[in-house]
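Overview (structure and organization)
So the chains spell out like this:
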Amino acid sequence: MFGNRVLKGVFLVALGATSYGMLATFVKLAYDENFTTAEVTTAQFVYGIIGVLLINSFQLVKNKNIAFKATRKNIFHLMLAGTSLGMTSVFYYLSVKYIDVSIAIVLLMQTVWMGVLLEMILDKKLPSIQKIMAVFIVLIGTILATNLIQNEIALDWRGLFWGILAAASFTTTMFTANRVATEITSAQRSLYMLLGGAIIVFLFSIVTQSTPFNFEIFLKWGIIVALFGTIIPPVLLNSGFPLTGIGLGSIVSSLELPVSVLMAYFLLSEKINGLQWFGIILIILAIVVMNINLIRKI
């Protein structure tokens, strides 16, 4: 029974991570059609909220109102946690505006060492040797994956800046998503986190949109970006992580990295050399090293 639960969790997390890995490529394609970051994120969250509302309504009918209802405290905490989800979308999309998707996803994966650092601060204890090793492996992998050694790729500092901010906010999202209001359904948690994220996205749109809002984004890329960014991944990850645990879940979710790079390679024709692939493999290896004890138990 336990094995089946874990296997189900692995499948859900893998699907969620794969979906999220496709996201940046679609955003880049929307940019090619002159849509702005504000337009893309607004459409994503509007459709995302509608989609998750429908999922919640379906579950309510299916469970005949048996599901645990969120309290006001739950809603407030989840919406507060969701603000980091909104910031992750904004920062990540700004990053891919200035640098290749394959580089932006590597920057986003800096959540590995940021998570170790945040855990050390919150728990007030030094990380284990294997976690310290994992951090060094990630840093070496990042240098290789961004091609800093051969210096063949022009890295815009704005893309690097927004990419690191995206990783920091995503780290916060990962921690809060697994600690806040875990007693309610994943669909409910996703909805309230999306509502919190929407506040950030709408404020960003109001402040930055200098041209008339192009509503064609809702017909062209809005639904696709919402599906792969705010509907499929949050619901699947929130359902899968409680079954796999943080450790195994983080290993499986690293699928996001190769999927994102492959999508950029095939659909955007981004060049990725052997050294970069080796760096990407090192980052995935670091996630495995961090959770080696868990793997032995399984």
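Every value quoted in this text rests on a predicted model; they were computed, and no experiment measured them.

Turning next to the overall build of the chain. Across its full length, the chain holds 13 helices and zero strands. Going from N to C terminus, the chain has its helices and strands arranged as α-α-α-α-α-α-α-α-α-α-α-α-α. Relative to the compact-globule value of 19 Å for 298 residues, the chain shows a C-alpha radius of gyration of 19 Å, a close match. Structurally, the chain occupies a C-alpha span of about 60 × 55 × 35 Å along its principal axes. Across the 298 residues that make up the chain, the buried fraction comes to 52%. Nonlocal contacts in the chain, meaning residues at least 24 apart in sequence, comprise 89% of its contacts between residues at least 6 apart. Summed over all atoms, the accessible surface of the chain reaches about 14,600 Å², with 71% contributed by carbon and sulfur.

In contact at an axis separation of 9 Å, helix 2 (residues 37–63) and helix 8 (residues 186–208) are set at 160° when each is read in the N-to-C sense. With respect to helix 8, the element helix 2 is oriented roughly antiparallel. Of the two possible hands of crossing, helix 2 and helix 8 adopt the one that is left-handed.

Judged by nonpolar contacts, the single largest core of 72 residues is most densely connected at Val 27, Val 40, Tyr 92, Tyr 93, Val 96, Val 225 and Leu 257. A total of nine residues in this core trace back to one element, the largest contributor, which is helix 3 (residues 72–98). Apart from residues no more than four positions distant in its own chain, Val 225 is found in contact with Leu 23, Phe 26, Val 27, Val 40, Gln 44, Tyr 93 and Thr 230.

Our focus in this paragraph is the packing of aromatic side chains. This model, assessed by the stated rule, comprises 11 aromatic pairs. For the pair Tyr 92 and Tyr 93, a centre-to-centre distance of 6.3 Å together with 35° between the ring planes defines the contact as tilted. A centroid spacing of 6.2 Å and a plane angle of 20° characterise the contact between Phe 215 and Phe 218, whose relative ring orientation is stacked. The exposure class of Phe 215 is exposed, given its relative accessible area of 58%. Three or more aromatic residues link up through ring pairs in this structure, and these residues are Tyr 47, Phe 213, Phe 215 and Phe 218.

What follows covers a nonpolar patch on the surface. A cluster of nonpolar side chains, namely Ile 199, Leu 203, Ile 206 and Val 207, defines an oily patch on the protein surface of about 440 Å² accessible area. The class for Val 207 is exposed, based on a relative accessible area of 72%.

So, about the packing of helix 6 (residues 129–145) against helix 12 (residues 274–290). One can describe the packing of helix 6 onto helix 12 by two numbers: an axis separation of 7 Å at closest approach and a directional angle of 165°. As judged from the angle between their axes, helix 6 and helix 12 are roughly antiparallel. Viewed along their axes, helix 6 and helix 12 form a crossing whose handedness is left-handed. When helix 6 is examined against helix 12, the residues Gln 130, Lys 131, Ala 134, Ile 137, Val 138, Ile 140, Gly 141, Thr 142, Leu 144 and Ala 145 are found in contact with a partner set consisting of Leu 275, Gln 276, Phe 278, Gly 279, Ile 280, Leu 282, Ile 283, Ala 286, Val 289 and Met 290. Residue composition of the contact of helix 6 with helix 12, grouped by class: 14 nonpolar, five polar and one charged.

Attention now goes to the environment of Phe 170. Structurally, Phe 170 can be placed in helix 7 (residues 157–177). Looking at Phe 170, the relative accessible area reads 15%, which means it is buried. In this structure the C-alpha to C-alpha distance between Phe 170 and Tyr 92, which are 78 residues apart in sequence, comes to 9.4 Å. When residues no more than four places from it in sequence are discounted, the contact partners of Phe 170 are Thr 88, Leu 108 and Thr 111.

Once that is clear, we can look at the environment of Tyr 265. Checked against the element boundaries, Tyr 265 lands in helix 11 (residues 256–267). Measuring from C-alpha to C-alpha, the distance between Tyr 265 and Val 101 comes to 9.2 Å, with 164 residues separating the pair along the chain. Once residues lying within four places of it in the same chain are set aside, the contact partners of Tyr 265 are Glu 270 and Ile 272.

Evaluation of the coordinates by the stated rule reveals three salt bridges. Among the salt bridges present, the one from Arg 158 reaches Asp 156, with a minimum N-O distance of 2.8 Å. Judged by relative accessible area, Arg 158 falls into the partly exposed class, the value being 34%. In this structure, Lys 220 and Glu 216 form a salt bridge, with 3.9 Å as the shortest nitrogen-oxygen distance. Accessibility expressed as a relative area gives 42% for Glu 216, which makes it partly exposed.

Burial within helix 4 (residues 101–108) is extensive, with eight of its eight residues counted as buried. Looking only at helix 4, the buried set comprises Val 101, Ser 102, Ile 103, Ala 104, Ile 105, Val 106, Leu 107 and Leu 108.

About the criteria used
Residues numbered from 1 in each chain as written. Predicted model: local features only at pLDDT ≥ 70, side-chain atom pairs only at ≥ 80, totals over all residues. Heavy atoms only, no water. Helix = DSSP H or I, 4+ residues; strand = E, 2+ residues; numbered from the N terminus. Rg over C-alpha atoms; globule rule 2.2 N^0.38 Å. Buried < 20%, exposed > 50% of the residue type's maximum accessible area, 1.4 Å probe, protein only. Contact = heavy atoms within 4.5 Å. Areas by Shrake-Rupley, 256 points an atom, 1.4 Å probe, with all protein chains shown as cover. Axes fitted to C-alpha atoms, helices over the stretch in contact; angles between N-to-C directions. Parallel < 35°, antiparallel > 145°, perpendicular 65-115°, else oblique. Left-handed = near helix turned anticlockwise from the far one by under 90°. Core = buried A, V, L, I, M, F, W, Y, C linked by side-chain atoms within 4.5 Å. Phe/Tyr/Trp six-rings, centres within 6.5 Å; stacked < 30°, edge-to-face > 60°. Patch = residues over 30% accessible without salt bridge, like charges linked within 9 Å, V, L, I, M, F, W, Y side chains within 5 Å. Salt bridge = Lys/Arg side-chain N within 4 Å of Asp/Glu carboxyl O. Nonpolar A, V, L, I, M, F, W, Y, C, P; charged D, E, K, R; others polar.

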